[in-house]
Amino acid sequence: LFHEEQMTLSVLDVNEKPLSLVLESYSLSENNKIGDVFAKIISEDPDYDDTYFYTLVEGEGDADNSLFEVDGENLLAQTVFDFETKNEYRIRLRVTDEAGLFHEEQMTLSVLDVNEKPLSLVLESYSLSENNKIGDVFAKIISEDPDYDDTYFYTLVEGEGDADNSLFEVD
């Protein structure tokens with residue numbers, strides 16, 4: 001003799017901690033404004049419907065945390081970045097789910113270089129004597145520019161101080 005009965009079993013969902021953090025970069029360029037969004041923060045978690053809270057935390061890799069701020073899912077710049085001075089920054093982020101489980105990661109962020117205009121022109125004089133020949137070199141033109149590896153093209157232009165432009169040629 002035996003007895004048969006159909007039964008329904010339920011599996012209880014247990015909250016699991018977030019697995020990782022990803023920055024969806026918006027490619028912040030140097031010379032940004034304070035408060036500009038550097039990146040959107042995304043969590044990977046088996047519990048897809050959790051609510052997440054993001055914070056910058058102390059620990060290994062937090063050297064540049066003070067230069068950033070978290071606002072919801074956005075990582076904001078709290079300084080104006082200059083690629084030529086420093087172009088990589090290290091932060092430590094934490095994601096905490098609604099049950100209090102968390103995951104932390106250290107991240108390296110990169111700032112993009114933008115071409116900046118030259119700051120000034122300097123004439124390195126060769127002091128040309130009177131009775132020179134046409135075509136003699138009078139001076140070498142040097143540009144001061146934050147982008148040290150740029151290539152420059154020089155021309156004489158019209159405007160204030162151009163009275164003697166016709167006496168010179170740029171080569």
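Up top you'll find the structure we're talking about.
**Student:** What exactly am I supposed to notice about the overall build of the protein here?
**Tutor:** On a plain count of helices and strands, the protein comes out with zero helices and nine strands. In sequence order, the secondary structure elements of the protein are arranged as β-β-β-β-β-β-β-β-β. Here the protein has a C-alpha radius of gyration of 30 Å; the compact-globule value for 171 residues is 16 Å, and the former is much larger. For the protein, with 171 residues in total, the buried portion stands at 23%. Sequence-distant contacts, at least 24 apart, represent 58% of the contacts inside the protein between residues at least 6 apart. Counting only carbon and sulfur atoms, one obtains 50% of the accessible surface of the protein, whose full area is about 12,900 Å². When the 10 basic and 42 acidic side-chain charges of the protein are each reduced to a single mean position, those positions are 5 Å apart.

**Student:** Would you explain the sheet that holds strand E2 (residues 37-44) in this entry?
**Tutor:** Either a parallel or an antiparallel arrangement is found when strands of a sheet pair, and the pairing is made through backbone hydrogen bonds. Ordered by their spatial adjacency, four strands build an open sheet running E1-E2-E5-E4, and the pairing between neighbours is antiparallel. Each edge of the open sheet is held by one strand with a lone partner, namely strand E1 (20-25) and strand E4 (68-71). Between one strand axis and the next, the sheet turns through 30° on average, direction left out of account. Inspection of the sheet shows E4 paired to strand E5 (residues 74-77) by four bridges, in the antiparallel sense. Looking at the pairing, Asp 71 lines up with Asn 74 of E5.

Definitions and limits used
Residues numbered from 1 in each chain as written. Predicted model: local features only at pLDDT ≥ 70, side-chain atom pairs only at ≥ 80, totals over all residues. Heavy atoms only, no water. Helix = DSSP H or I, 4+ residues; strand = E, 2+ residues; numbered from the N terminus. Rg over C-alpha atoms; globule rule 2.2 N^0.38 Å. Buried < 20%, exposed > 50% of the residue type's maximum accessible area, 1.4 Å probe, protein only. Contact = heavy atoms within 4.5 Å. Areas by Shrake-Rupley, 256 points an atom, 1.4 Å probe, with all protein chains shown as cover. Lys, Arg positive; Asp, Glu negative; His and termini not counted. Charge placed at Lys NZ, Arg CZ, Asp CG, Glu CD. Pairing = 2+ DSSP bridges. Axes fitted to C-alpha atoms, helices over the stretch in contact; angles between N-to-C directions.

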